[in-house]
Amino acid sequence: MSQRTANILVFDSGVGGLSIVNPIRQRLPATTLTYLADNKLFPYGLLDEQLLIERVTQLIANASQQYHADIVVVACNSASTLALPHLREVLNIPVVGVVPAIKPAAQQSKSKVIGLLATPGTIQRDYTDDLIGDFANGCDIIRVGTSTLVNIVEEKLAGITPAAEIFTGIIALFHHHPRWQQMDTIVLACTHFPLVIAELAQAAPEIDHWIDAGDAIARRVQYLLENLPDSPVTADPETNNTVTNTRNIALFTDTEKLTAPLKQSMLAFGFSQTENYSPLYWPNKSP
Ligand code: DGL
């Protein structure tokens, strides 16, 4: 009898979710990944909140059904900090959100001066305030919101190598705070940013801890998949000859931006197939 493999839908506005794909792959090599990038409305960090909630809920609800997802990972802090309750209301599969990793940062920082690097949206959300209030009481959190860095990462994966000065400039944005010289930890609270961690670390060698949510998310996904009532296969296919459906596909809402170098990058992350995904009802189209 053949068993199907688990299918995980990973969602982001662009390529940022790839920083979550890698840890998931390492932990769950046999699962199928469907990647959905809403690059038509990119960047999410500058989008109106109501529009973002509606867009994300509709796209994910549609795609998870169409591609038979067992679980959804909203690999986007800007979307997760707003849309998780709405998604959980309409979906009947587990939804894992990526939100700023404030708690581990507060645990690891010695100086208790922590940088929070995120999109302009995430930086000012109530959700972020609540995380800081719950887990980083007594810490100084230096907030920097940037969409420039999000764009730089998109360009990098589309084959344009960013200049080192760009990262020095981003780190300099923390200097507005009187205690910036004591900052020993930076939370990468946008999934795009771990994709340039080497460049950031080079621009700020004094930082001891760069924190992102990738591994924690992968652990959570594994736990949830293994505890589904009708648990699909998550084991290594090499040791399990009953596995079927291992097609990893990447969907983009705007394929015009899908250049040859970007396709190469998607291939490097295991997505050999890239397709257009544009549900008819959006934007401003009737069903
Ligand atoms: N990667 C996303 C995040 O984690 C979104 C970036 C954007 O589109 O502004 O916030």
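Residues numbered from 1 in each chain as written. Predicted model: local features only at pLDDT ≥ 70, side-chain atom pairs only at ≥ 80, totals over all residues. Heavy atoms only, no water.

Caption draft 1: Here's a closer look at the overall build of the chain. Within the chain one finds eleven helices and twelve strands. By its C-alpha atoms, the chain is 65 × 40 × 35 Å across when sized along the principal axes. A separation threshold of at least 6 residues defines the contact pool for the chain, and within that pool the share at least 24 residues apart is 76%. Distance between charge centroids for the chain: 3 Å, based on 19 positive and 28 negative side chains. (Helix = DSSP H or I, 4+ residues; strand = E, 2+ residues; numbered from the N terminus. Contact = heavy atoms within 4.5 Å. Lys, Arg positive; Asp, Glu negative; His and termini not counted. Charge placed at Lys NZ, Arg CZ, Asp CG, Glu CD.)

Caption draft 2: Representation of the site of the ligand. Neighbouring residues of the ligand: 14 residues in total, closest Ser13, Tyr44, Gly45, Ser78 and His192. Between Thr191 and the ligand, the recorded distance is 2.8 Å, taken from a side-chain N or O atom to a nitrogen atom. His192 is positioned with one of its side-chain polar atoms (N or O) 2.8 Å from a nitrogen atom of the ligand. For the ligand, the accessible surface in isolation is 300 Å², of which the surrounding protein chains cover 100%. Considered class by class, the residues forming the shell around the ligand number six nonpolar, seven polar and one charged. (Near = heavy atom within 4 Å. Polar contact = N/O pair within 3.5 Å; in protein donor to acceptor, adjacent residues only side chain to side chain. Areas by Shrake-Rupley, 256 points an atom, 1.4 Å probe, with all protein chains shown as cover. Nonpolar A, V, L, I, M, F, W, Y, C, P; charged D, E, K, R; others polar.)

Caption draft 3: Local environment of the nonpolar core. Core analysis: the largest hydrophobic core is formed by 56 residues, its most contacted members being Ile8, Leu18, Ile24, Val73, Leu117, Leu200 and Val221. What Leu117 contacts, discounting residues up to four positions off in sequence, is Val144, Thr146, Leu149, Ile170, Phe174, Ile186, Val187, Leu188, Ala189, Cys190, Phe193 and Leu200. Within the second largest apolar cluster, 28 residues are counted, among which are Leu9, Val72, Leu82 and Leu91. (Core = buried A, V, L, I, M, F, W, Y, C linked by side-chain atoms within 4.5 Å. Buried < 20%, exposed > 50% of the residue type's maximum accessible area, 1.4 Å probe, protein only.)

Caption draft 4: Up close: the packing of helix α2 (residues 49-66) against helix α3 (residues 77-90). Orientation of α2 relative to α3, taken along the N-to-C sense of each, is 50°, at an axis distance of 9 Å. Viewed along their axes, α2 and α3 adopt a mutual orientation that is oblique. Of the two possible hands of crossing, α2 and α3 adopt the one that is right-handed. Here Glu49, Leu52, Ile53, Val56, Thr57, Ile60 and Ala61 of α2 lie close against α3, whose contacting residues are Ser78, Ala79, Leu82, Ala83, His86, Leu87 and Val90. Class assignment for the residues of the contact of α2 with α3 results in ten nonpolar, three polar and one charged. (Axes fitted to C-alpha atoms, helices over the stretch in contact; angles between N-to-C directions. Parallel < 35°, antiparallel > 145°, perpendicular 65-115°, else oblique. Left-handed = near helix turned anticlockwise from the far one by under 90°.)

Caption draft 5: Region of the structure containing the pattern of salt bridges. Taken as a whole and judged by the stated rule, the model has six salt bridges. Asp129 is paired through a salt bridge with Arg143; the nearest N and O atoms lie 2.9 Å apart. Of this pair, Asp129 sits in helix α6 (residues 126-135) while Arg143 sits in strand β7 (residues 140-145), and the two are 14 residues apart along the sequence. For Arg143, a relative accessible area of 31% translates into the label partly exposed. For Lys156, the salt bridge is made with Glu199, and the minimal N-O distance between the two is 3.0 Å. Of this pair, Lys156 sits in helix α7 (residues 148-157) while Glu199 sits in helix α9 (residues 197-203), and the two are 43 residues apart along the sequence. (Salt bridge = Lys/Arg side-chain N within 4 Å of Asp/Glu carboxyl O.)

Caption draft 6: Local environment of the pairing of strand β2 (residues 7-12). Within β2, six of the six residues are buried, which leaves it mostly tucked inside the rest of the structure. Of the two faces of β2, both are covered, the one formed by Asn7, Leu9 and Phe11 as well as the one formed by Ile8, Val10 and Asp12. In the sheet, β2 pairs with strand β3 (residues 32-37) via six bridges, with the strands oriented parallel. The partner of Val10 across the bridge, within β3, is Tyr35. Read from β2 through helix α1 (residues 18-27) to β3, the crossover connection turns out right-handed. (Pairing = 2+ DSSP bridges. Right-handed = clockwise from strand over helix to strand, strands pointing away.)

Caption draft 7: Representation of the confidence of the model for the chain within the structure. Scored by pLDDT, the chain has a mean of 92; 92% of the residues are at 70 or more. For the stretch residues 240-245, pLDDT sits under 50, and the model shows 16 contacts to residues farther than four places along the chain or on other chains. (pLDDT = per-residue confidence, 0-100.)

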